[in-house]
Amino acid sequence: MLYYLDLFGVAVFAVTGALMAGRKSMDLFGVVVIGLVTALGGGTLRDVILDHHPVSWIAHQASILVAIAAALGTVLWVRMTRPIHDLGLLLADAIGLAVFTVSGTALAMTHQVPTIMAVIMGVMTGVAGGVVRDVLCNQIPLIFRQEIYASACLLGALAYIGLLHLHCPAEWASLLAMAVVFGVRVAAIRWKWTLPRFHLHD
Amino acid sequence: MLYYLDLFGVAVFAVTGALMAGRKSMDLFGVVVIGLVTALGGGTLRDVILDHHPVSWIAHQASILVAIAAALGTVLWVRMTRPIHDLGLLLADAIGLAVFTVSGTALAMTHQVPTIMAVIMGVMTGVAGGVVRDVLCNQIPLIFRQEIYASACLLGALAYIGLLHLHCPAEWASLLAMAVVFGVRVAAIRWKWTLPRFHLHD
Amino acid sequence: MLYYLDLFGVAVFAVTGALMAGRKSMDLFGVVVIGLVTALGGGTLRDVILDHHPVSWIAHQASILVAIAAALGTVLWVRMTRPIHDLGLLLADAIGLAVFTVSGTALAMTHQVPTIMAVIMGVMTGVAGGVVRDVLCNQIPLIFRQEIYASACLLGALAYIGLLHLHCPAEWASLLAMAVVFGVRVAAIRWKWTLPRFHLHD
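Residues numbered from 1 in each chain as written. Chains lettered and ligands numbered in written order. Predicted model: local features only at pLDDT ≥ 70, side-chain atom pairs only at ≥ 80, totals over all residues. Heavy atoms only, no water.

(A) Region of the structure containing the relation of the copies chain B and chain A. Between chain B and chain A, which share one sequence, the superposing operator has a rotation angle of 120° and an axial displacement of 0.0 Å; the RMSD is 0.0 Å. Between the two chains, the operation in question is that of a three-fold axis. Taking C-alpha positions as reference, the residue of chain B nearest the rotation axis is Asn138(B), located at 3.8 Å. With a heterologous cut-off of 20% or less, the 13% of interface residues of chain B that recur at the interface of chain A puts this contact in the heterologous class. (Least-squares fit on C-alpha atoms with pLDDT ≥ 70 in both. Contact = heavy atoms within 4.5 Å.)

Shown next as structure tokens:
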């Protein structure tokens, strides 16, 4: 089931990438690249830093194919029907975020890194793809400014590690931690939770 | 001959980097860095993702020296004479693109990755340096919006792999695939071939 | 002592990252990420390119904790008192730059890379974190345009390697090379030394 959830996350992240590429009027190649980078960038960065080879999308071809199909499918969908339903996309994105965070944390723990590193790797897996997407589209990454996003990953990664320390079975820990990420993220969208901002004027 | 073609590609890509740095009024250090990143960025990203060490420019010092010389030579040339001839540069860039794409595809195949990964690595080797150049110069990468560029790499990488499957000798496959990249790119410039764009309005 | 100097460099770089994040009105998560990336980005890039694993901040947890504390401490400091003293920050930054350059050069030399690569790795360790900081904040990296910065690293890395070739003990070579970086940087700030610029108009 985790495998299919992961592919679902890949597809959703590729859709957010394709939509951003459309807002910048990119061509189909740009749409596919931004889709791929958004979907696979976080996991690639994690694997390269952890020296975990082959990196995930080389080991599992399905992710590449799913991401390309999702990016091109987004273009077709928007052209044939109308703009994608925002709330549906936000909820789907929250599921992808939950899966990526927990799988990134779990992978880091198999490398026996200290707890704080496993948390950082989990957050990075969840959010780095979106950061690279925004950089390639020439804007300050959304997650540094919008309502709570990465903090949901942080809580989920901590929950996962805490549950394992309490001898919770790995499958249950995964599901509960994903529920934490998803729940916090959805609550943040619903009630517009934000972190305090730091304003500095020259 | 491939070795010299590769150095030619490094030099040409460094020139395009230096010209972009000049458009942003960077200092000589910026010119050299943007030149190096444009010339060596694609290969470095490929090597790091494939875990192929030492990365190409550490293994072959000549690339570094050629890229630095080409970047600084561009400044001298522009100051002493006049702006570089655009068409000449575009043609030279197409040769560099052809060489990088085929050498990237070939290197990936020595790592026994699946075909689709070898194609992606070939395209990445050809275009990623230019993407990083544009990001460092704070603009949306040209190749996501201009006439056909990465698609030429895609066709060339597919041609290379297809020819090898047909038992074509590797040298001939390389030359023919490079001719595909070069030919498609030149035709795209001449007749302004573009991919369909995806426009999305908020 | 080098160990504590390195942590001092991490803290100072994290402060410059946090201040830049504040200028972009980021939230606390953005402040911490930009602080971490500025402080640890150069070393991470160096380690990944040299295939030196585990990367420095996974091997030494202290850097992470110091960088996070420095980034959050910057927010507190600015809120409770007033803007940070610019000259003090510039001098502290010059110390961090000196330490990072020399430690990066020294690490590269333990990998038996050619001299020119060791110099490049030293400069990269010193400046790449700031480059990524500026890219994430959506502006052209300062060091490609402002007064002499990377050139100070270049001279320091060359001094370090030259002194080792003259059989100077490693500790003395480190200290002298750091003094070179610091001295050149401070002189560049004081007398506004700049490199020639390359202006190109379309």
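(B) Fine view of the relation of the copies chain B and chain C. Superposition record for chain B on chain C: RMSD 0.0 Å, screw rotation 120°, translation along axis 0.0 Å. A low fraction, 12%, of the interface residues of chain B reappear at the interface in chain C, so the copies pair through non-equivalent surfaces.

(C) A look at the interface of chain B and chain C. Chain B puts 33 residues into the contact, and the matching count from chain C is 30 residues. Run the count over chain B and chain C and you get zero salt bridges. The interface formed by chain B and chain C includes nine residue pairs in polar contact (both at pLDDT 80 or more). Those elements giving two or more residues to the side of chain B that touches chain C turn out to be helix H1 (2–23), helix H2 (28–50), helix H3 (56–59), helix H4 (61–80) and helix H6 (115–136) of chain B. At eight residues, the largest contribution of residues to the side of chain B that touches chain C is made by H2(B). (Salt bridge = Lys/Arg side-chain N within 4 Å of Asp/Glu carboxyl O. Polar contact = N/O pair within 3.5 Å; in protein donor to acceptor, adjacent residues only side chain to side chain. Helix = DSSP H or I, 4+ residues; strand = E, 2+ residues; numbered from the N terminus.)

(D) Focus on the packing of H1(B) against helix H5 (residues 86–110) of chain B. Residues and elements named next belong to chain B. Running from amino to carboxyl end, H1 crosses H5 at an angle of 125°, the nearest separation of the two axes being 8 Å. One finds that H1 runs oblique with respect to H5. For the crossing formed where H1 meets H5, the hand is left-handed. The residues of H5 that touch H1, namely those facing Leu5, Asp6, Phe8, Gly9, Val10, Val12, Phe13, Val15, Thr16 and Leu19, are Leu89, Ala92, Asp93, Ile95, Gly96, Leu97, Val99, Phe100 and Ser103. (Axes fitted to C-alpha atoms, helices over the stretch in contact; angles between N-to-C directions. Parallel < 35°, antiparallel > 145°, perpendicular 65-115°, else oblique. Left-handed = near helix turned anticlockwise from the far one by under 90°.)

(E) Structural context of the interface of chain B and chain A. On the chain A side, the residues contacting the 30 residues of chain B number 33 residues. Both sides of the chain B and chain A interface together cover about 2,800 Å² of buried area, and 71% of this is carbon and sulfur. When the area that chain B buries against chain A is broken down by residue, the three leading residues are Phe144(B), Phe198(B) and Leu200(B), summing to 30%. Here chain B and chain A share zero salt bridges between them. (Buried area = accessible area lost by both parts, 1.4 Å probe.)

Function cannot be read off these values alone, since they describe shape.
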